[in-house]
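# A closer look at the structure
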Amino acid sequence: MRRMIFISVFLIVVSAYADKNNPISDLLGRTYHISVKDDYLFASSTAGITVYRLIQNTPVQISYLVVENSGASSLIEKDYLYLFAGNTGVYKVDIKDPQKPVLNENARLSGSAINGDIYENKLFVSLGSGGFAQLNKKDLKVVRYFETPSYCSFVKVVGDSLFVSTEQDGLFVYKLKNMKPSQNIPLSRKVRDILTDKNLVYLANDTSGLVILKKEGEKYSLYSSYDTPDTARGVALYKEHVFVADGNTGVVLLSHEGNKNLKHIKNYNTGYSANKVIVAGDNLIISNDAIGVMVVKITDLLK
């Protein structure tokens, strides 16, 4: 309790300094992941959640919500945001008014909450060395824990399946109807982000770069790959273009026109370590670690 009070008071002071561009504002600005709702950006930050509003393509900080641990990632469904915050578990936050986010629930779990995804009334959460868990979406009650053979880094609902990434044993595909593994896809590294488009699945596969899977029937097979210079942490699509958040490289821009060939177009230096990328309209939103949130016009990147 004392720790929580200290953090809250300290971050109130931080917020005041942040308005004066004091370096201490790093606690609010340092971002690891971003979720988008309309023209609001919800950054998983050192503070917990830092909320920005896009005003003329410029992110302006409007509010924040302090939690006991840093926010690793988040997920938005309608008026609720689910924040995955390491060893303090999962937080359910009411974001009907982005200027006043309200904490509703908190579930402490047997592991470190890294990310999650939703299927119907279920919330799946990757828990690192704790495997992954299935929670009731409404009240965050644990329904079941699942063991994985090694560190579980990422879970993602893809169609009627749940993709579960492990650090050393590849990617497992579970059928959501019975939660039994139906396939194991060998990968050399852990997956940090997953994006789907039609029958293709794009994986940000750590130091192995970008990996693309193709669904044929009920199975997924390796379709294409591109070894990025640093660590692939996030992936986004815009028409025939693929953007990869690649750590210290910044953003790697590739062209992918429906065949196996991935053509390198350029690297975009973000000035720090790019963690995630999101396409929102004609903008590319970049979670850029200590530099915070970057918003770049995609047309400018494609020039």
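Look up a bit, the structure's there.
The following paragraphs examine the structure supplied in this document. (Residues numbered from 1 in each chain as written. Predicted model: local features only at pLDDT ≥ 70, side-chain atom pairs only at ≥ 80, totals over all residues. Heavy atoms only, no water.)

## Describing the packing of aromatic side chains
If you walk through the whole model with that rule in mind, you get four aromatic pairs. For the ring pair phenylalanine 132 and phenylalanine 146, a centre distance of 4.5 Å and an interplane angle of 0° mean the geometry is stacked. Of this pair, phenylalanine 132 sits in strand E11 (residues 132-136) while phenylalanine 146 sits in strand E12 (residues 142-146); the two residues are 14 residues apart in sequence, bridging distant segments of the chain. For the pair formed by phenylalanine 132 and phenylalanine 146, the shared burial category is buried. On the basis of an interplanar angle of 75° and a centroid distance of 6.3 Å, the ring pair of phenylalanine 146 and tyrosine 174 is categorised as edge-to-face. Of this pair, phenylalanine 146 sits in strand E12 while tyrosine 174 sits in strand E15 (residues 171-175), and the two are 28 residues apart along the sequence. By the burial criterion, phenylalanine 146 is buried, and tyrosine 174 matches it. An aromatic cluster is built from Phe132, Phe146 and Tyr174, whose rings are joined through pairwise contacts. Sitting over the ring of tyrosine 80, lysine 92 keeps its end group 4.7 Å from the ring centre. (Phe/Tyr/Trp six-rings, centres within 6.5 Å; stacked < 30°, edge-to-face > 60°. Helix = DSSP H or I, 4+ residues; strand = E, 2+ residues; numbered from the N terminus. Buried < 20%, exposed > 50% of the residue type's maximum accessible area, 1.4 Å probe, protein only. Lys NZ or Arg CZ within 6 Å of the ring centre and 35° of its normal.)

## Some thoughts on the side chain of threonine 231
Within the secondary structure, threonine 231 sits in the loop between strand E20 (219-226) and strand E21 (234-238). Exposure remark for threonine 231: the relative accessible area of 12% places this residue in the buried category. Discounting residues that sit within four places of it in the chain, threonine 231 has contacts with Arg192, Asp206, Thr207, Ala245, Asp246 and Gly247. (Contact = heavy atoms within 4.5 Å.)

## A short note on the pattern of salt bridges
Once the charged atoms of two side chains with opposite charge are near each other, the side chains can pair. Per the stated rule, a full pass over the model turns up 13 salt bridges. Where aspartate 160 meets lysine 175, a salt bridge forms, and the shortest distance between an N and an O atom there is 3.5 Å. With aspartate 160 in the loop between strand E13 (152-158) and strand E14 (161-166) and lysine 175 in strand E15, this pair connects stretches of sequence that are 15 residues apart. Residue lysine 175 is joined to glutamate 218 by a salt bridge in which the shortest nitrogen-to-oxygen separation is 3.0 Å. Of this pair, lysine 175 sits in strand E15 while glutamate 218 sits in the loop between strand E19 (210-216) and E20; the two residues are 43 residues apart in sequence, bridging distant segments of the chain. On the accessibility criterion, glutamate 218 (52% relative accessible area) is exposed. When salt bridges that share partners are traced, they join Asp160, Lys175 and Glu218 into one network. (Salt bridge = Lys/Arg side-chain N within 4 Å of Asp/Glu carboxyl O.)

## Brief notes about the sheet that holds E15
Within the open sheet, the four strands sit side by side as E13-E14-E15-E16. Their pairing is antiparallel. Two strands lie at the open edges of the sheet, namely E13 and strand E16 (180-185), each paired on one side alone. Ignoring strand direction, the axes of neighbouring strands in this sheet form an average angle of 25°. In terms of strand pairing, E15 meets E16 through five bridges, oriented antiparallel. For leucine 171, the partnering residue across the bridge sits in E16 and is isoleucine 185. (Pairing = 2+ DSSP bridges. Axes fitted to C-alpha atoms, helices over the stretch in contact; angles between N-to-C directions.)

The analysis is restricted to geometry; functional conclusions fall outside its scope.
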